[in-house]
Amino acid sequence: MRPLRSLFLWAAAALCLAACGTASDDAVIPHPASVEELPGSFRIHAPMALSVEAPVEAAEALTGYLKTTPLPIDTAEPDAAKNYLRLELSDDERIPASEEGYVLSVRPAGITIAARGEAGLFYGLQTLLQLHEQFGSRIPAQRIVDAPRFAYRGLHLDVSRNFFDKEFVKKQLRMMASLKLNRLHWHLTDGAGWRIQIDRYPLLTEVAAWRRGATWQQWRDGGAKYCRFDDPEASGGYYTKEEIREVVAYADSLHITVIPEIEMPGHSEEVLAVYPGLSCKGEPYSGGDFCIGNDATFEFLENVLTEVMELFPSEYIHIGGDEAAKTAWKECPKCQARMKREGLESVDELQSYAIHRIGRFLAKHGRRLIGWDEILDGGLAPDAVVMSWRGEEGGRTAAAAGHEVVMTPGGYCYFDGYQDDPTTEPQAMSGFLPLEKVYSYDPAPADMPGREYVLGVQANLWTEYIPTAEQAEYMLYPRLFALAEVAWCQPEGKDYRAFRERALRFTELARSRGYNTFDLAGETGERPESLEPAEHLAVGCPVTYATRWNGGYPAAGERALTDGLRGSWSYKECWQGFLGCDVDVTVDLGEVKPISEVSADFTQWYSAWIWLPARVEIEVSDDGTDFRRIAVVENDYPDTAERPEYRTFGWTGSEQARYVRYHAILNERVGGWLFTDEIIIN
Ligand code: ACM
């Protein structure tokens with residue numbers, strides 16, 4: 001029923017847009033900075049006479065691009081006084097100062113796009129294409145003046161955990177261009193597979209790009225081993241240099257820069273499996289960190305980066321830098337010798353040494369290093385750009401110190417998390433990130449010191465749980481529409497309700513263009529329990545903790561379990577987390593009272609090592625000393641189930657008591673976390 005209904009609603013909305021001809025203010029994503037409606041409309045009844053006032057190369061590029069779009073054009077009559085489409089490079093003061101800004105004027109006689117730079121003309125065309133897609137052949141007259149908030153508007157794509165072919169990448173580039181996004185961060189290497197041809201190191205693509213196990217999960221469950229490309233069970237792949245050049249050139253034609261990422265010093269299991277001499281132990285499958293004490297590591301990395309720089313003209317080269325384990329370095333004689341020679345006090349400083357050294361190498365070749373925020377640990381390389389992913393802290397610290405940053409914090413920008421009810425959505429990574437939360441993000445709020453160093457913002461698509469192209473698009477859209485507005489629009493003009501209407505329409509348009517999207521019209525929304533404060537007998541009552549919550553997930557501390565606030569779908573909101581121990585708490589109701597219910601909810605998130613309890617024991621007492629057990633509740637939900645689950649463990653009956661002891665017992669087989677949100681007593 002849902003798709004039909006949403007299609008009907010969308011069709012009705014589109015009809016209204018076309019018939020009323022006045023709603024263009026809400027027709028475009030990202031929403032333009034200013035839209036002034038004018039009388040009348042422009043009707044496309046024949047190919048528009050195209051004129052492009054720009055240097056020859058730019059004019060040819062724009063004309064060539066237009067020929068790939070549904071806009072009908074005729075290049076034979078550039079001086080036509082009606083039915084024209086004029087593109088003009090100009091430094092008229094009414095055009096926004098940005099090279100990417102533009103003025104689009106739709107008038108009954110014709111359409112003019114004026115901009116200071118070729119990118120501005122291209123973005124004016126994107127706006128026109130969206131208007132054409134929504135209004136058809138009669139576009140309401142209007143004047144749009146528009147420019148981006150941020151220069152860096154990115155999408156990251158992990159092709160290591162699961163491989164996606166070049167046609168998939170090009171298809172997403174087309175959508176990115178439509179959304180005025182301009183950076184593709186291509187995560188080409190990681191432990192689950194190497195994805196780029198490097199002539200000097202053929203084993204990277206003969207072996208490290210292949211594995212047994214079609215999906216990341218199957219590969220992991222099968223022991224995470226690589227195999228040769230000609231193994232009958234080989235699964236995986238890589239991009240040849242020719243394919244990379246094709247993607248980079250295609251992106252360039254869409255005003256998108258492709259930033260390659262080559263992971264180091266961690267997340268490199270696949271390299272070390274085939275070139276084990278570059279690891280500390282010298283053996284395959286002995287860890288994921290390069291040996292930093294070994295000069296051969298730098299020779300390898302510099303040779304790889306040399307071939308990478310030949311393929312990618314991007315100023316920025318991403319070198320990863322995240323989540324190195326650093327443990328082998330502590331025992332490794334070569335690493336220890338390097339630390340001594342260089343006067344390094346810690347393995348953090350050893351990592352920083354490696355990043356500085358690679359940064360100098362890139363700088364020598366006219367490039368700049370960009371890395372995940374761990375590149376801050378042990379001292380940041382001069383001129384390095386920080387990509388802030390572990391929250392906003394890294395980005396804020398770097399920006400305050402005058403370093404350029406790209407904001408991509410997990411809580412707002414990780415599109416591998418669930419976008420709706422995790423118990424019914426397709427399996428995803430831990431995390432809950434609905435459309436509204438993406439939209440709410442401000443990468444550079446007014447009170448942020450150094451906010452002028454925020455280059456922009458990026459969505460990240462990690463693909464551990466994304467085995468197919470369809471699933472990747474499902475996770476991207478419509479959340480990427482929201483990210484596009486975060487990146488392009490000034491925060492004052494943002495309005496979630498209006499955006500959601502646009503996103504509903506645009507989702508249907510994206511589907512008609514062949515993209516698989518999440519069904520926004522059928523969105524369930526937040527966990528119902530979390531929307532209203534719970535009312536029950538224990539609200540506000542003191543709780544004694546025999547075991548203590550972990551500092552990482554305190555919720556409201558010692559008030560958390562009786563504050564009436566229930567957890568969100570996200571275990572990070574309003575849930576109290578206990579690591580490696582039971583939840584053993586006693587609630588004091590203040591006086592002996594009749595009780596008929598004691599219960600608490602727990603959640604299981606396999607990918608975050610959070611489990612339902614093995615069992616729950618509930619006891620009551622009048623005096624806080626002598627307790628009598630009233631219930632033992634066993635868990636029957638398997639700890640092998642990867643889908644998130646929320647379960648209530650409780651008792652109902654009839655008792656009199658002042659103290660209620662709620663004891664949830666950790667599943668010893670798996671260890672890990674227990675998360676609960678409220679002890680409910682009635
Ligand atoms: C990351 O998510 N490890 C950057």
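Quick word on the overall build of the protein
Okay, so step 1: Secondary structure assignment for the protein yields 18 helices and 28 strands.
Okay, so step 2: The C-alpha atoms of the protein give a radius of gyration of 28 Å, which matches the 26 Å a tight globule of 682 residues would have.
Okay, so step 3: C-alpha atoms of the protein, sized along the principal axes, occupy 95 × 65 × 55 Å.
Okay, so step 4: Burial status across the protein gives 58% buried among its 682 residues.
Okay, so step 5: By sequence separation, contacts in the protein at least 24 residues apart represent 74% of the contacts at least 6 residues apart.
Okay, so step 6: Surface summary for the protein: the accessible area is close to 26,900 Å², and the carbon and sulfur share equals 50%.
Okay, so step 7: Across the protein, 67 positive and 104 negative side-chain charges occur, with their mean positions spaced 2 Å apart.

Considering the sheet that holds strand S16 (residues 368–372)
Okay, so step 1: Taking strand neighbours around the barrel as the criterion, the eight strands line up as S8-S9-S14-S15-S16-S17-S18-S21 in a closed arrangement whose pairing is parallel. Going across the sheet, the axis of each strand differs from the next one's by a mean of 30°, ignoring polarity.
Okay, so step 2: As defined by bridge partners, strand S8 (residues 152–158) adjoins strand S21 (residues 454–461) across six bridges and the pair is classed as parallel. Bridging from a neighbouring strand, His 156 pairs with Asn 460 of S21.
Okay, so step 3: Relative to the sheet, helix H4 (residues 166–178) contacts S8 and strand S9 (183–187), its axis offset from that of S9 by approximately 155°.
Okay, so step 4: Across the face of the sheet, helix H17 (residues 479–488) comes into contact with S8 and S21 while running at roughly 175° to S21.

A word on the environment of Glu 532
Okay, so step 1: Here Glu 532 shows up in the loop between helix H18 (496–512) and strand S22 (543–545).
Okay, so step 2: Exposure remark for Glu 532: the relative accessible area of 58% places this residue in the exposed category.
Okay, so step 3: Separated by 298 residues in sequence, Glu 532 and Ala 234 have C-alpha atoms that sit 51 Å apart.

Focus: the environment of Gly 343
Okay, so step 1: Note that Gly 343 resides in the loop between helix H11 (333–342) and helix H12 (347–364).
Okay, so step 2: Note: C-alpha distance between Gly 343 and Glu 523 (180 residues apart in sequence) is 56 Å.

Some details on the environment of Ile 630
Okay, so step 1: Of note, Ile 630 is situated in strand S26 (residues 628–634).
Okay, so step 2: Excluding residues within four positions of it along the chain, Ile 630 makes contact with Ile 618, Glu 619, Val 620, Trp 651 and Glu 655.

Looking at the pattern of salt bridges
Okay, so step 1: The tally for this structure, following the rule as stated, stands at 45 salt bridges.
Okay, so step 2: Of the charged contacts in the structure, one is a salt bridge between Asp 158 and Arg 161, with a shortest N-O distance of 2.9 Å. With respect to class, Asp 158 is no different from Arg 161; both count as buried.
Okay, so step 3: For Asp 601, the salt bridge identified is with Arg 566, shortest N-O distance 2.7 Å. Of the two residues, Asp 601 is situated in strand S24 (residues 583–604) and Arg 566 in the loop between S22 and strand S23 (576–579); the sequence distance between them amounts to 35 residues. Per residue, the accessibility class of Asp 601 equals that of Arg 566, and both read buried.
Okay, so step 4: Taken together, the shared-partner salt bridges connect Asp 584, Arg 615, Glu 617, Glu 619, Arg 629 and Arg 661 into one network.

Thoughts on the packing of H4 against helix H16 (residues 469–476)
Okay, so step 1: Where H4 contacts H16, the two axes come as close as 11 Å, and the packing angle between them is 20°. Between H4 and H16, the crossing angle belongs to the class labelled roughly parallel. In the packing of H4 onto H16, the handedness of the crossing is right-handed. Residues Phe 168, Lys 171 and Gln 172 of H4 lie in contact with H16, whose contacting residues are Ala 469, Ala 472, Glu 473 and Leu 476.
Okay, so step 2: Classifying every residue of the contact of H4 with H16 gives four nonpolar, one polar and two charged.

Considerations on the sheet that holds strand S6 (residues 110–115)
Okay, so step 1: Strands sit in the order S1-S7-S5-S6-S4-S2-S3 across an open sheet of seven strands; the sheet is mixed. Every interior strand has two partners, whereas the edge strands, strand S1 (34–43) and strand S3 (73–74), have only one.
Okay, so step 2: In this structure, strand S2 (residues 48–53) lies alongside strand S4 (residues 84–89), joined through five bridges in parallel fashion. When the sheet's bridge partners are listed, Val 52 is paired in S4 with Leu 87.
Okay, so step 3: On top of the sheet, helix H2 (residues 56–67) reaches S2, S3 and S4; it is set at about 150° to S2, its chief contact.
Okay, so step 4: Packing of helix H3 (residues 118–135) onto the sheet brings it into contact with S4, strand S5 (102–107), S6 and strand S7 (138–146), and relative to S7 it is tilted by some 150°.

Some words on the confidence of the model for the protein
Parts of the prediction with low pLDDT should not have their coordinates interpreted in detail.
Okay, so step 1: In this model, the protein carries a mean pLDDT of 95, and residues with pLDDT of at least 70 account for 96%.
Okay, so step 2: This stretch, residues 1–23, has a pLDDT under 50; its non-local contacts, to residues over four places away or in other chains, come to 23 contacts.

Comments concerning H11
Okay, so step 1: Turning to H11, its buried residues number three or more, namely Cys 335, Arg 338 and Met 339. Mapping the buried residues of H11 onto a view down its axis gives an arc of 100°, with all of them on the same face. Opposite the packed face of H11, turned more than 90 degrees from it, sit the exposed residues Pro 333, Lys 340 and Arg 341.
Okay, so step 2: Each element contacted by the buried residues of H11 is listed here: helix H9 (295–311), helix H10 (327–331) and H12.

Some words on the packing of aromatic side chains
Okay, so step 1: One pass over the full model with this rule turns up 41 aromatic pairs.
Okay, so step 2: Ring centres of Trp 219 and Tyr 226 lie 5.9 Å apart, and the angle between their planes is 50°; on these two criteria the pair is classed as tilted.
Okay, so step 3: Overall, Trp 219 belongs to the buried group, its relative accessible area being 7%.
Okay, so step 4: Of the residues examined, Tyr 226 reaches a relative accessible area of 10% and is grouped as buried.

Some details on the side chain of Thr 507
Okay, so step 1: Summarising the element assignment, Thr 507 is placed in helix H18.
Okay, so step 2: Discounting chain neighbours no more than four positions away, the residues touching Thr 507 are Pro 478, Phe 481, Thr 517, Phe 518 and Leu 520.

Examining the pairing of strand S27 (residues 645–665)
Okay, so step 1: Taken together, the 17 bridges between S24 and S27 define a ladder with antiparallel strand orientation. Bridge pairing in S27 links Gln 604 to Glu 645.
Okay, so step 2: Examined bridge by bridge, strand S25 (residues 615–621) and S27 share seven bridges and lie antiparallel to one another. Residue pairing for S27: Arg 615 is matched across the bridge by Ile 665.

Conventions adopted
- Residues numbered from 1 in each chain as written.
- Predicted model: local features only at pLDDT ≥ 70, side-chain atom pairs only at ≥ 80, totals over all residues.
- Heavy atoms only, no water.
- Helix = DSSP H or I, 4+ residues; strand = E, 2+ residues; numbered from the N terminus.
- Rg over C-alpha atoms; globule rule 2.2 N^0.38 Å.
- Buried < 20%, exposed > 50% of the residue type's maximum accessible area, 1.4 Å probe, protein only.
- Contact = heavy atoms within 4.5 Å.
- Areas by Shrake-Rupley, 256 points an atom, 1.4 Å probe, with all protein chains shown as cover.
- Lys, Arg positive; Asp, Glu negative; His and termini not counted.
- Charge placed at Lys NZ, Arg CZ, Asp CG, Glu CD.
- Pairing = 2+ DSSP bridges.
- Axes fitted to C-alpha atoms, helices over the stretch in contact; angles between N-to-C directions.
- Salt bridge = Lys/Arg side-chain N within 4 Å of Asp/Glu carboxyl O.
- Parallel < 35°, antiparallel > 145°, perpendicular 65-115°, else oblique.
- Left-handed = near helix turned anticlockwise from the far one by under 90°.
- Nonpolar A, V, L, I, M, F, W, Y, C, P; charged D, E, K, R; others polar.
- pLDDT = per-residue confidence, 0-100.
- Arc of directions from axis to C-beta.
- Phe/Tyr/Trp six-rings, centres within 6.5 Å; stacked < 30°, edge-to-face > 60°.

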